[in-house]
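# Residue-level structure breakdown
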Amino acid sequence: MVHALNTGLRHVPAWALYLMAPVPVVWIYYLGLTGQLGVDPAKVIEHQLGIWSLWLLIAGLAVTPLRRFAGVNLLKFRRAIGVTAFFYVLAHLLTWLVLDVQFQNVWADIVKRWYITVGMAAFVLMVPLAVTSNNRSIRKIGAGAWRRLHRLVYPIALLAALHFLLLVKGFQWEPIIYAAVIAGLLAMRVRWDALWTRQRASHRENPARSGAGLGGELSQSSRY
Amino acid sequence: MAYRWKNTLTADAVTPYSAFLNRRQLMAGAAAGAIAGALPVSARAQEALEPNTWEEITTYNNYYEFGTGKEDPARNAHRLTIDPWTVRIDGLVDKPGDYSFADILSQMTIEERIYRFRCVEAWSMVIPWNGFELADLLDWVGVQSSAKYVAFETALRPDEMPGVASPVLDWPYVEGLRLDEAMHPLTMMATGIYGRDIPKQNGAPMRLVVPWKYGFKSIKSIVRITLTEDEPPASWNIANPREYGFYSNVNPNVDHPRWSQATERRIGGGLFAKRHPTLMFNGYEDEVAPLYDGMDLTKFI
Ligand code: HEM
């Protein structure tokens with residue numbers, strides 16, 4: 001089954017994803033412009049694009065675990081997923097800026113409202129990743145440095161989860177479930193066995209530093 | 001004694017007048033257990049606003065007992081049984097008891113009030129309510145002189161309300177007003193919209209409307225009204241006291257941690273609707289500002 005899937009996927013070029021990428025955002029705006037999103041279309045668009053951004057980030061994070069644990073190889077689509085995620089966050093941000101707050105108190109909102117601050121931080125961190133998502137950049141900055149740079153996607157995903165947690169009112173399950181999914185996808189990258197042995201080793205040498213190493217394991221084990 | 005306040009928001013409101021009570025009269029009225037007569041004085045010129053459509057008012061609701069999405073209440077609220085409906089009125093009143101909604105209606109004069117409605121989420125509507133003044137109901141049951149606040153409670157029906165399965169808030173939904181706020185002629189119990197029975201998603205059969213406060217103060221589907229001496233709990237205040245105060249008066253100058261309150265999006269303007277400046281006390285400043293004389297409204301949020 002997995003083999004058939006991988007074989008099938010081999011015939012799908014990555015550019016097909018770029019071709020499909022604008023469909024949801026165009027469709028959402030089409031519905032909004034034709035009065036099919038209810039009585040408050042700007043909010044619906046803002047929310048829909050936020051959810052799409054989150055789905056795309058999660059899809060990008062799922063590529064590595066899918067290959068490692070399920071053997072499904074989506075590696076060649078990962079760049080397209082990541083770049084699409086960036087453009088959806090950008091569309092989400094522009095919807096907020098133009099249709100929602102209409103350029104009023106933008107800076108005050110960014111510094112004062114925690115969920116905006118966190119969302120904005122996630123967006124800013126995505127810029128260098130989007131700009132360097134091409135082969136020329138990998139050659140220019142070197143594969144090692146490029147890989148380290150693109151580990152920014154972990155804090156970005158955590159910030160996105162936090163953004164959603166902060167923006168809902170009252171106690172709601174939905175953002176908690178998304179946060180758990182993201183935490184799970186990040187946890188799958190940690191080589192717990194290696195971490196365990198190394199921690200025990202360092203414990204013997206230097207008990208005070210036994211907490212260190214999570215970041216290291218996280219980065220060492222994430223295969224690109 | 002209905003008709004103490006005259007609509008300023010009718011489309012043909014050329015010469016806007018509004019009933020006005022100054023603070024002293026209101027206090028005297030409350031102490032006497034009956035509100036003093038209203039003085040019509042000219043209000044600040046009001047923009048003539050068109051009420052929102054029936055569809056806008058009845059498909060875009062915050063009623064978390066039926067789900068947190070704006071369209072969930074319209075989809076789910078049909079499950080609510082509103083006949084029979086009993087309201088328990090108790091606490092510091094002369095005639096406590098369980099009153100049927102029909103009994104209450106038989107004693108009240110229904111009038112139309114076109115009010116602005118401003119949600120804390122920074123959107124707004126204009127709604128033509130039908131209902132009666134809360135003061136009339138309180139006068140009918142007799143408020144005792146020691147009462148200082150009015151507490152309200154929404155029905156809690158897990159069988160009929162899918163939203164309460166999730167602990168979004170500490171159910172049942174509760175709200176409160178200071179007695180002078182409750183007795184103010186602007187404060188009403190709505191039982192209809194556009195001359196029709198109020199839809200379930202809007203708080204049938206009877207909901208509070210306090211037009212100078214953020215919408216969440218205007219508690220829906222009321223089953224209990226209690227006169228108290230102490231400030232009663234309010235659901236959003238319990239959930240997040242930093243963001244939602246007991247008073248929650250519409251105030252463009254006091255920022256909310258979540259939304260700037262300086263401007264609002266009027267529902268119904270479509271995708272490119274311009275934001276409008278929010279008015280102090282939602283445009284009812286002349287009528288209600290005296291209630292808060294001497295209070296620092298940046299502290300009493
Ligand atoms: C990685 C980046 C981001 C992700 C994944 C993201 C995701 C989301 C999600 C999932 C929602 C909730 C949608 C719903 O409730 O259905 C949302 C809402 C929202 N986001 Fe973002 N977002 C991001 C960045 C931003 C940025 C940069 C801004 C603005 C500067 C922003 C502003 C908002 C606003 C205003 C809302 C709606 C809040 C409300 O309910 O009024 N987001 N976002």
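Residues numbered from 1 in each chain as written. Chains lettered and ligands numbered in written order. Predicted model: local features only at pLDDT ≥ 70, side-chain atom pairs only at ≥ 80, totals over all residues. Heavy atoms only, no water.

With that settled, consider the site of the ligand. Residues and elements named next belong to chain A. The environment of the ligand is made up of 22 residues, and the closest members are K43, H47, H92, W96 and H163. Side-chain polar atom of H47 to an oxygen atom of the ligand: 2.8 Å apart, as the coordinates give it. Here H92 contributes a side-chain N or O atom positioned 2.7 Å from a nitrogen atom of the ligand. If one sorts the elements of the shell around the ligand by residue count, helix α4 (residues 41-70) sits on top with eight residues. When grouped by side-chain class, the residues that make up the shell around the ligand number 14 nonpolar, six polar and two charged. (Near = heavy atom within 4 Å. Polar contact = N/O pair within 3.5 Å; in protein donor to acceptor, adjacent residues only side chain to side chain. Helix = DSSP H or I, 4+ residues; strand = E, 2+ residues; numbered from the N terminus. Nonpolar A, V, L, I, M, F, W, Y, C, P; charged D, E, K, R; others polar.)

Residues and elements named next belong to chain A. Donor atoms from the polypeptide that bind the iron atom of the ligand are H92 (NE2) and H163 (NE2), placed at 2.0 Å. For the iron atom of the ligand, the six donor atoms in the first shell make angles of 85 to 180° at the metal, a pattern classed as octahedral. With H92 in helix α5 (residues 78-100) and H163 in helix α10 (residues 153-167), the pair connects residues that are 71 residues apart, well separated along the chain. Like H92, the residue H163 is buried in the burial classification. (Donors = N, O, S within 2.8 Å, 3.2 Å for Na, K, Ca; no water. Tetrahedral: all angles 85-135°; square planar, octahedral: opposite > 155°, others 65-115°. Buried < 20%, exposed > 50% of the residue type's maximum accessible area, 1.4 Å probe, protein only.)

How big an interface is tends to be expressed through the accessible area that disappears when the partners come together. With 28 residues of chain A at the interface, the matching set in chain B holds 29 residues. Of the roughly 2300 Å² buried between chain A and chain B on both sides combined, carbon and sulfur atoms contribute 49%. Looking at the side of chain A facing chain B, the largest losses of area belong to V39, R113 and K169 of chain A, adding up to 31% of the total buried there. On the surface where chain A and chain B come into contact, there are six salt bridges. (Contact = heavy atoms within 4.5 Å. Buried area = accessible area lost by both parts, 1.4 Å probe. Salt bridge = Lys/Arg side-chain N within 4 Å of Asp/Glu carboxyl O.)

In short, geometric facts, not functional conclusions.
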